[in-house]
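Structural characterization, general
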Amino acid sequence: MDTVTHGIAGSILARGLTDRAAARAALVLGLVGGMLPDLDLFFLHGRIAYLRGHRGWTHTFLMLPVFALVLAVLARFLYRYAHHVRIRVLFLFAALGILSHIVFDWIT
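Let us look at the structure shown here.

Criteria and cut-off values
- Residues numbered from 1 in each chain as written.
- Predicted model: local features only at pLDDT ≥ 70, side-chain atom pairs only at ≥ 80, totals over all residues.
- Heavy atoms only, no water.
- Helix = DSSP H or I, 4+ residues; strand = E, 2+ residues; numbered from the N terminus.
- Rg over C-alpha atoms; globule rule 2.2 N^0.38 Å.
- Buried < 20%, exposed > 50% of the residue type's maximum accessible area, 1.4 Å probe, protein only.
- Contact = heavy atoms within 4.5 Å.
- Core = buried A, V, L, I, M, F, W, Y, C linked by side-chain atoms within 4.5 Å.
- Axes fitted to C-alpha atoms, helices over the stretch in contact; angles between N-to-C directions.
- Left-handed = near helix turned anticlockwise from the far one by under 90°.
- Nonpolar A, V, L, I, M, F, W, Y, C, P; charged D, E, K, R; others polar.
- Expected span 1.5 Å × (residues − 1).
- Arc of directions from axis to C-beta.

If you tally the helices and strands in the protein chain, you get five helices and zero strands. Secondary structure elements of the protein chain occur, N-terminal to C-terminal, as α-α-α-α-α. Rg of the C-alpha trace for the protein chain: 14 Å, near the compact-globule value of 13 Å for 108 residues, within the 12% margin. Counting only C-alpha atoms and orienting by the principal axes, one finds that the protein chain spans roughly 45 × 25 × 20 Å. The burial tally for the protein chain puts 39% of its 108 residues in the buried class. Considering only residue pairs separated by 6 or more positions, the protein chain has 62% of its internal contacts joining residues 24 or more positions apart.

Shown next, in the form of structure tokens:
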């Protein structure tokens, strides 16, 4: 799947978990979380390196909680609508986006 489709899928899945009050935070964190594992694109130079190294450390379940926590904390500071949402809920939205990316890459 391409990065944009991963973002849309993560956004829809995260939004499906919440009520109206946290909808914007779910949409944004699901979107960013869904695209985040493709961050390895910036570390791999050339087509051969991309083919060999893509789906590496950024696509692991080990890094999922680390990335989700970073996104949740950033959302708390940067996103004005996230101030009324608990940090663990923000973490869940980001983690679901990242998880969807890992699973969708795994099955394709």
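Here we come to the nonpolar core. The tendency in soluble globular proteins is for nonpolar side chains to be buried as a group. Within the largest apolar cluster, 21 residues are counted, with the highest numbers of intra-cluster contacts made by L29, L71, L90, F93 and I98. Of all elements in the fold, only α2 (23-35), α4 (64-78) and α5 (87-107) reach the threshold of two or more residues within this core. Considering every element that reaches this core, the biggest residue donor is α5, with seven residues. Not counting chain neighbours up to four residues away, the residues in contact with L29 comprise L71, A75, L90, F93 and A94.

With that settled, consider the packing of helix α1 (residues 3-15) against α2. Running from amino to carboxyl end, α1 crosses α2 at an angle of 145°, the nearest separation of the two axes being 7 Å. Seen from above, α1 lies across α2 with right-handed handedness. Listed contacts from α2 to T3, V4, H6, G7, I8, G10, S11, A14 and R15 of α1 are A23, A26, L27, G30, L31, G34 and M35. Tallied by class, residues from the contact of α1 with α2 come to eight nonpolar, seven polar and one charged.

With 13 residues, α2 extends 18 Å between its outermost C-alpha atoms, agreeing within 8% with the 18 Å of an ideal straight helix rising 1.5 Å per residue. Along α2, the residues that are buried comprise A23, A25, A26, L29, G30, G33 and G34. The buried side chains of α2 occupy one side of the element, clustering within an arc of 150° when seen end-on.

Attention now goes to α4. With 15 residues, α4 ought to run about 21 Å at 1.5 Å a step, and its terminal C-alpha atoms sit 21 Å apart, in line with that. Those residues of α4 not exposed but buried are L64, F67, A68, L71, A72 and A75. Buried residues along α4 cover an arc of 135° about the axis, so they all sit on one side. On its buried side, α4 packs onto α2 and α5.

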